[in-house]
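# Structural features, examined
This is what each chain is made of:
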Amino acid sequence: MRPSTLRALKRAAELTRQNRITEAVLIAEPVILAADEYEGDEILRWLAQHVTDFTGEDPKETL
């Protein structure tokens, strides 16, 4: 994944935790839409592995 893509996803996660969803989408959507098939797969894996980055929840606390 390109460093710029990763930065955008991390920033979107930060904004989401701050309840700034519209801004998060404005940052993440163009990056996701511009991704090719391979980077898109990487993005999906990253998102699946970093769900708590967006929710701010500790997965250990929800068990």
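Described in the following lines is the structure provided in the data block. (Residues numbered from 1 in each chain as written. Predicted model: local features only at pLDDT ≥ 70, side-chain atom pairs only at ≥ 80, totals over all residues. Heavy atoms only, no water.)

## Overview of the overall build of the protein chain
For the protein chain, the count of helices and strands is four helices and zero strands. What you see in the protein chain, going N to C, is helices and strands ordered as α-α-α-α. If one aligns the C-alpha atoms of the protein chain with their principal axes, the spans along those axes are about 35 × 25 × 15 Å. Taking all 63 residues of the protein chain together, 22% fall into the buried category. Partitioning the contacts of the protein chain with sequence separation of at least 6, the portion at a separation of at least 24 is 54%. (Helix = DSSP H or I, 4+ residues; strand = E, 2+ residues; numbered from the N terminus. Buried < 20%, exposed > 50% of the residue type's maximum accessible area, 1.4 Å probe, protein only. Contact = heavy atoms within 4.5 Å.)

## Topic: the environment of Lys 10
The residue Lys 10 is located in helix α1 (residues 3-17) in this model. By relative accessible area, which is 48% here, Lys 10 ends up partly exposed. Counting along the chain gives 14 residues from Lys 10 to Ala 24, while the straight-line C-alpha distance between them is 9.6 Å.

## Details of the pattern of salt bridges
With the rule as written, the count across this model stands at three salt bridges. A salt bridge links Arg 2 to Glu 39; the shortest N-O distance between them is 2.8 Å. Placement of Arg 2 in the segment before α1 and of Glu 39 in helix α3 (residues 37-49) is noted, with a sequence separation of 37 residues between them. Overall, Arg 2 belongs to the partly exposed group, its relative accessible area being 42%. The buried category is assigned to Glu 39, whose relative accessible area is 7%. One salt bridge in this structure joins Glu 14 and Arg 11, with 2.7 Å as the shortest N-O distance. In this pair, Glu 14 and Arg 11 both sit in helix α1, three residues apart, roughly one turn of the helix. (Salt bridge = Lys/Arg side-chain N within 4 Å of Asp/Glu carboxyl O.)

## Things to note about helix α2 (residues 21-34)
Taking 1.5 Å of rise per residue, the 14 residues of α2 would be expected to cover 20 Å, and the 20 Å separating its terminal C-alpha atoms lies within 8% of that figure. Roughly 30 degrees is the biggest bend found in α2, and it falls at Ala 28, with proline Pro 30 one to four residues downstream. Among all positions in α2, only Ala 24, Ala 28 and Val 31 are buried. In this structure, the buried side of α2 is in contact with α1 and α3. (Expected span 1.5 Å × (residues − 1). Bend = angle between axes of the 7 residues up to and from the residue.)

Without other data, these values stay purely geometric and don't point to any function.
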